[in-house]
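# Examining the three-dimensional arrangement
Below, each chain spelled out in residue letters.
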Amino acid sequence: MIVVVGGTGRLGTLLVRRLVARGAAVRVITRDAARASHLPSNVEIVIGDLRDGASLRAAMRGVQTVVAAAHGFGDSNDGSPESVDRQGNINLIDAATREGAAVVLMSVVGAAREHPMELFRAKYAAEEHLRQRSGTWTIVRATAFVETWATIMGEPLRATGRALVFGPGTNPINFVSADDVAALLELAVVIPALRGETLSIGGENLTFAQLADLLGRTLGRPSNARHIPLPVLRAMGVLLRPIKPALARHARAAVVMNRHDLSFDDAPLRRRFPELTTTALATAVGRCLQPARSGS
């Protein structure tokens, strides 16, 4: 039995479908069963919460491998990197370790104790806890998901005709498609020889401005980018924290993404696993925006 936490999100859904296609028995832990309605019918759904250790312990029975693919960075206002990516993953690791299950942890390229971005610090804390607590682990690190930022930047373009660019938008950032990350996660789950390894995957280096242009081309309209100055982003990161915490996180993250080197080259990984998919960012953005386009 393979347990996937975060199995109802974009990445988790892709992974669950891959594992089911292999014939694996899959259990998804979610806080709301309705959120799992799109998953294959033979997936076992269990109600649980990363932030509630007791609910996790009940969901671990008979499990061989646990995949920690949830995150607290996205649009949800009831989670955070601290509560989900750090403490939630620690709870999950402890529950899995008690059952003797292997753990595959989803993390981020560049995770570090002193990183200026809270998500990276939280992921690193979870990594460290996993290495200390479990003897059977694999860590998968990925760069920024292009689908996440295509949604954040693309919705204003669709609604107002102007793409939202955070800051100057001239700093190279590595973006990867969730499809490619799911393919690597699948290998990390099914290949026992990868236990004890940290695998890092990326895609293409683009600036926010270049991503805005790509969004415009995908939607068939000029991006007419509207830049949010860094001082405004800093203020948003503080002032919006109590009322719109997800938007405040995005603003704080964007400041870091404009000022720190987030370029990446995953050529060593690609040489080692030539079977991995390589999805062009233009293709990933098109897939991400297509449902909203057809319904607009």
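Residues numbered from 1 in each chain as written. Predicted model: local features only at pLDDT ≥ 70, side-chain atom pairs only at ≥ 80, totals over all residues. Heavy atoms only, no water.

In terms of regular secondary structure, the protein chain is built from 11 helices and 12 strands. Taken over the C-alpha trace, the protein chain has a radius of gyration of 19 Å; the compact-globule value for 296 residues is 19 Å, and the two agree within 12%. For the protein chain, the spread of C-alpha atoms along the principal axes amounts to about 55 × 40 × 35 Å. The buried share of the protein chain, taken over its 296 residues, is 55%. With the model as given, the accessible surface of the protein chain reaches about 12,500 Å², and the carbon-plus-sulfur share is 52%. (Helix = DSSP H or I, 4+ residues; strand = E, 2+ residues; numbered from the N terminus. Rg over C-alpha atoms; globule rule 2.2 N^0.38 Å. Buried < 20%, exposed > 50% of the residue type's maximum accessible area, 1.4 Å probe, protein only. Areas by Shrake-Rupley, 256 points an atom, 1.4 Å probe, with all protein chains shown as cover.)

A negative phi angle characterises most non-glycine residues, just as the trans form characterises most peptide bonds. In this structure, Asn224 is a non-glycine residue whose phi angle is positive, near 45 degrees. Take Asn224: it is sitting in the loop between helix 7 (208-219) and strand 12 (226-228). The partly exposed category is assigned to Asn224, whose relative accessible area is 42%.

Turning next to the environment of Leu262. Here Leu262 shows up in the loop between helix 9 (245-259) and helix 10 (267-272). Setting aside residues no more than four positions away along its own chain, Leu262 makes contact with Pro172, Ile173, Asn174 and Met257. (Contact = heavy atoms within 4.5 Å.)

We now examine the sheet that holds strand 9 (residues 173-176). Adjacent strands of a sheet pair through backbone hydrogen bonds, lying either parallel or antiparallel. The strand order 7-9-11 describes an open sheet built from 3 strands, whose pairing is mixed. Two strands in the sheet have a free side with no partner beyond their single neighbour: strand 7 (144-145) and strand 11 (204-206). (Pairing = 2+ DSSP bridges.)

A word on the environment of Leu269. Residue position: Leu269 is located in helix 10. Taking the C-alpha atoms as reference points, Leu269 and Gly88, 181 residues apart in sequence, are found 28 Å from one another.

With that out of the way, let us pick up the sheet that holds strand 2 (residues 26-30). Across the sheet, which stays open at both edges, the 7 strands sit in the order 3-2-1-4-5-6-10 with parallel pairing between neighbours. The outermost strands of the open sheet, each flanked by one partner alone, are strand 3 (44-47) and strand 10 (197-201). Adjacent strand axes in the sheet meet at a mean angle of 20 degrees when their direction is disregarded. The sheet contact formed by strand 5 (residues 102-108) and strand 6 (residues 137-142) spans 6 bridges and is parallel. (Axes fitted to C-alpha atoms, helices over the stretch in contact; angles between N-to-C directions.)

Averaged over all residues, the pLDDT of the protein chain equals 92, while 96% of them reach at least 70. Low confidence marks residues 292-296, where pLDDT is under 50. Its contacts with residues over four positions away, or in another chain, come to 4 contacts. (pLDDT = per-residue confidence, 0-100.)

The terminal C-alpha atoms of helix 5 (residues 146-160) lie 21 Å apart, and with 15 residues this matches the ideal 21 Å at 1.5 Å per residue to within 8%. Looking only at helix 5, the buried set comprises Val146, Glu147, Trp149, Ala150, Ile152, Met153, Gly154, Pro156, Leu157 and Arg158. After helix 5 finishes, the residue Gly161 shows a positive phi value of roughly 85 degrees. (Expected span 1.5 Å × (residues − 1).)

Right, let's get into the pairing of strand 4 (residues 65-68). Burial along strand 4 is two-sided: Thr65 and Val67 and Val66 and Ala68, pointing in opposite directions, are all buried. Relative to strand 4, strand 1 (residues 2-5) is paired through 4 bridges, and the arrangement is parallel. Residue pairing for strand 4: Val3 is matched across the bridge by Val66. As paired elements, strand 4 and strand 5 share 4 bridges and run parallel to each other. Following the sheet pairing, Val67 is matched in strand 5 by Val104.

For the rest of this paragraph, the subject is the packing of helix 1 (residues 10-21) against helix 6 (residues 178-190). Two measures define how a pair of helices packs: the angle their axes make with one another and the distance between the axes. The interhelical angle for the contact between helix 1 and helix 6, taken along N-to-C directions, is 50 degrees, at an axis separation of 9 Å. It follows from the interaxial angle that helix 1 and helix 6 lie oblique. For the pair helix 1 and helix 6, the crossing hand works out as right-handed. Residues Arg10, Leu11, Leu14, Leu15, Arg18 and Leu19 of helix 1 form the contact with helix 6, whose participating residues are Ala178, Asp179, Val181, Ala182, Ala183, Leu185, Glu186, Val189 and Val190. (Parallel < 35°, antiparallel > 145°, perpendicular 65-115°, else oblique. Left-handed = near helix turned anticlockwise from the far one by under 90°.)

Here we come to the packing of helix 8 (residues 230-239) against helix 9. Between helix 8 and helix 9, the shortest axis-to-axis distance is 7 Å and the interhelical angle comes to 145 degrees. In this structure, helix 8 crosses over helix 9, and the sense of that crossing is left-handed. Note on element contacts: helix 9 touches helix 8 through Leu247, Ala248, Ala251, Arg252, Ala254, Val255, Asn258 and Arg259, opposite Leu230, Leu233, Arg234, Met236 and Gly237. By residue class, the composition of the contact of helix 8 with helix 9 is 8 nonpolar, 2 polar and 3 charged. (Nonpolar A, V, L, I, M, F, W, Y, C, P; charged D, E, K, R; others polar.)

Tallied over the entire structure, the rule returns 5 aromatic pairs. Seen from their ring centres, Phe73 and Trp149 are 6.2 Å apart, and the 50 degrees between their planes marks the pair as tilted. Taken together, the residues Phe73 in the loop between strand 4 and helix 3 (81-98) and Trp149 in helix 5 connect sequence positions 76 residues apart. On the basis of relative accessible area, Phe73 is assigned to the buried category, the value being 10%. With a centroid separation of 5.7 Å and 80 degrees between ring planes, the pair formed by Trp149 and Phe166 is classed as edge-to-face. You can see Trp149 sitting in helix 5 and its partner Phe166 sitting in strand 8 (residues 164-166), a full 17 residues away along the chain. (Phe/Tyr/Trp six-rings, centres within 6.5 Å; stacked < 30°, edge-to-face > 60°.)

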